[in-house]
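Structural characterization, general
Given next are the chains, with one letter for each unit.
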Amino acid sequence: MPDPVTVRASAKVNLHLAVGPRRADGYHRLTTVYQAVSLYDELTVTAARDLTATVTGEGAGEVPSGTANLAVAAATALAASARVPAQAHLELVKTIPVAGGLAGGSADAAAALVGCDALWRTGLDRPALLAVAETLGSDVPFAVAGGTMLGTGRGERLSPVLARATFHWVLAFADRGLSTAAVYAEHDAADPLPEVPPDDVLAALRAGDPAALGAALHNDLQRSALRLRPALRRTLDAGLELGALGALVSGSGPTCIFLVRSSPAALALAASLAGMGVARTVRRAAGPVPGARVVDPSPAGQPDRAAAGGGGPG
Ligand code: C5P
């Protein structure tokens, strides 16, 4: 029996999200800048007779454990692609909120791809793994890749972006998730927005300039997320009044993200936001960090976070 494999997969934030027209396949053409941040779901994959999953942690009650689970779907798709039997038990521990705009489901799919690939020794190369990722969701290839990337197509076509610094984020989780499809539908019903290119975000990342990045953050879906969840305006304003360099709804929301200058500034802002009661939970994260990757279990059976690299404040 092969040893169990533990994988850590990161959340993403969108530093720039420009939504183009709806395509014939129902998806929207996107230009987005993704950054992977140090908020992780953890998946342990164990050899088994069939394919099963258990889910614990943040929002576990809202995550299906059957075939509707994206990690299970990913394992199934990988097995089909590699022509191996889909035999594994997936033990998922969630920290990324469900339906939060942080691509938590995509992170879980990426973790299952990387974990099952290692467990089953499929021998698939990276492009083949990314091709399977693409079938599972628009953000899944990025969840495998990590770092900071420009995403085009429906978000699945990636090219690396130079980010010359570690950026410090504060993430404010909302009481309830938002459906991505509902936010896109709201976007379609509203007036079209002028097309904003990602140039300012790319320049700020290249320069490693958090103040410039804070000013350049852009999300076409923020308007629709705020229409569906007006209380988020208060969360965004609170962070800005407390000195954040920039504030934005992440992806389709409802998580609000705040950029600050340093790790101590993140600690201070997180404490103040938590005290104001404008969010259910407030977390800190740094980016960029790697995408889904295998971590070495320590002798005590706990994953060795230091050795896995790409850490940062949690
Ligand atoms: O690709 P994924 O399954 O994560 O997308 C979830 C939903 O988000 C889609 O069903 C669609 O409604 C919307 N979406 C979109 N255009 C994109 C990505 C997602 O309309 N480029």
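The next thing to look at is the overall build of the protein chain. Within the protein chain, the regular secondary structure consists of 11 helices and 12 strands. Taken over C-alpha atoms, the radius of gyration comes to 19 Å for the protein chain, in line with the 20 Å a tight globule of 314 residues would show. Projected onto its principal axes, the C-alpha positions of the protein chain cover 55 × 50 × 35 Å. Looking at the protein chain residue by residue over its 314 residues, the buried ones come to 53%. Restricting to contacts in the protein chain with at least 6 residues of sequence separation, those with at least 24 account for 76%. Working note: accessible area of the protein chain is about 13100 Å², and carbon and sulfur atoms make up 53% of it. Where the 26 positive side-chain charges of the protein chain centre and where its 27 negative ones centre are 1 Å apart.

To continue, consider the sheet that holds strand β9 (residues 246-249). Pairing is antiparallel across the open sheet formed by 4 strands, whose spatial order is β9-β10-β7-β11. Both outer strands of the open sheet, β9 and β11 (281-287), are each paired with one neighbouring strand and no more. Strand-to-strand twist across the sheet, computed as the mean angle between neighbouring axes with direction ignored, equals 25 degrees.

So, about the pairing of strand β4 (residues 88-94). Of the two faces of β4, only one is covered, namely that formed by A88, L90, L92 and K94; the face formed by H89, E91 and V93 stays uncovered. Pairing of strand β2 (residues 28-46) with β4 involves 5 bridges; the strand directions are antiparallel. Considered in β4, the bridge of E42 is made with V93. Looking at chain direction, strand β3 (residues 51-57) and β4 are connected through 7 bridges and run parallel. Among the inter-strand pairings, G57 is bridged to a residue of β4, identified as K94.

Here helix α2 (residues 104-120) spans 24 Å end to end across 17 residues, near enough to the 24 Å set by a 1.5 Å rise per residue. With 15 of 17 residues buried, α2 is to be regarded as a mostly interior element. Immediately beyond the C-terminal end of α2, within one or two residues, lies R121, with a positive phi of roughly 45 degrees.

Quick look at the environment of G26 now. Positionally, G26 belongs in the loop between β1 (5-22) and β2. For the pair G26 and P290, spaced 264 residues apart in sequence, the C-alpha separation works out to 30 Å.

Our next topic: the pairing of strand β5 (residues 148-152). Counting buried residues along β5, 4 of its 5 residues qualify, which places the element largely inside the surrounding structure. With 4 bridges joining them, β2 and β5 adopt antiparallel strand pairing. The residue bridging T32 from the neighbouring strand is G151, located in β5. Of the strand pairs in this sheet, β5 and strand β6 (residues 157-160) are connected by 4 bridges, and their pairing is antiparallel. Of the residues in β6, the one forming a bridge with G151 is L158.

The next thing to look at is the pattern of salt bridges. For the structure shown, the criterion picks out 7 salt bridges. For the salt bridge of R23 with D25, the shortest nitrogen-to-oxygen distance reads 2.6 Å. Accessibility expressed as a relative area gives 44% for D25, which makes it partly exposed. For R233, the salt bridge goes to D237, with nearest N and O atoms at 3.4 Å. On the criterion of helical spacing, the pair formed by R233 and D237 is a turn pair, its members being 4 residues apart in helix α9 (residues 232-241). Given the relative accessible area of 29%, D237 is considered partly exposed. Among the ionic contacts, a cluster of salt bridges with common partners joins D41, K94 and D108.

In the neighbourhood of the ligand, the contacting residues comprise G26, Y27, H28, L30, G137, S138, R154, T180, A181 and Y184. Between the ligand and the protein, one listed contact pairs an oxygen atom with a side-chain N or O atom of H28 at 2.7 Å. Between R154 and the ligand, the recorded distance is 3.0 Å, taken from a backbone N or O atom to a nitrogen atom. For the shell around the ligand, the elements supplying multiple residues, two or more each, are β2 and α5 (180-189). At 3 residues, the largest contribution of residues to the shell around the ligand is made by α5.

Here we come to the side chain of T255. Tracing the backbone shows T255 in the loop between β9 and β10 (256-260). Here G100 takes part through its backbone oxygen, which lies 2.7 Å from a polar atom of the side chain of T255. Excluding anything up to four places from it in sequence, T255 contacts P97, G100, L102, L171, A172, F173, L248, V249 and S250.

So, about the confidence of the model for the protein chain. Do not read the predicted coordinates in detail wherever pLDDT is low. Residues with a pLDDT of 70 or more make up 94% of the protein chain, whose mean pLDDT is 94. Long-range and interchain partners of residues 303-314, a stretch whose pLDDT sits below 50, account for 31 contacts in this model, where long-range means more than four residues apart.

About the thresholds
Residues numbered from 1 in each chain as written. Predicted model: local features only at pLDDT ≥ 70, side-chain atom pairs only at ≥ 80, totals over all residues. Heavy atoms only, no water. Helix = DSSP H or I, 4+ residues; strand = E, 2+ residues; numbered from the N terminus. Rg over C-alpha atoms; globule rule 2.2 N^0.38 Å. Buried < 20%, exposed > 50% of the residue type's maximum accessible area, 1.4 Å probe, protein only. Contact = heavy atoms within 4.5 Å. Areas by Shrake-Rupley, 256 points an atom, 1.4 Å probe, with all protein chains shown as cover. Lys, Arg positive; Asp, Glu negative; His and termini not counted. Charge placed at Lys NZ, Arg CZ, Asp CG, Glu CD. Pairing = 2+ DSSP bridges. Axes fitted to C-alpha atoms, helices over the stretch in contact; angles between N-to-C directions. Expected span 1.5 Å × (residues − 1). Salt bridge = Lys/Arg side-chain N within 4 Å of Asp/Glu carboxyl O. Near = heavy atom within 4 Å. Polar contact = N/O pair within 3.5 Å; in protein donor to acceptor, adjacent residues only side chain to side chain. pLDDT = per-residue confidence, 0-100.

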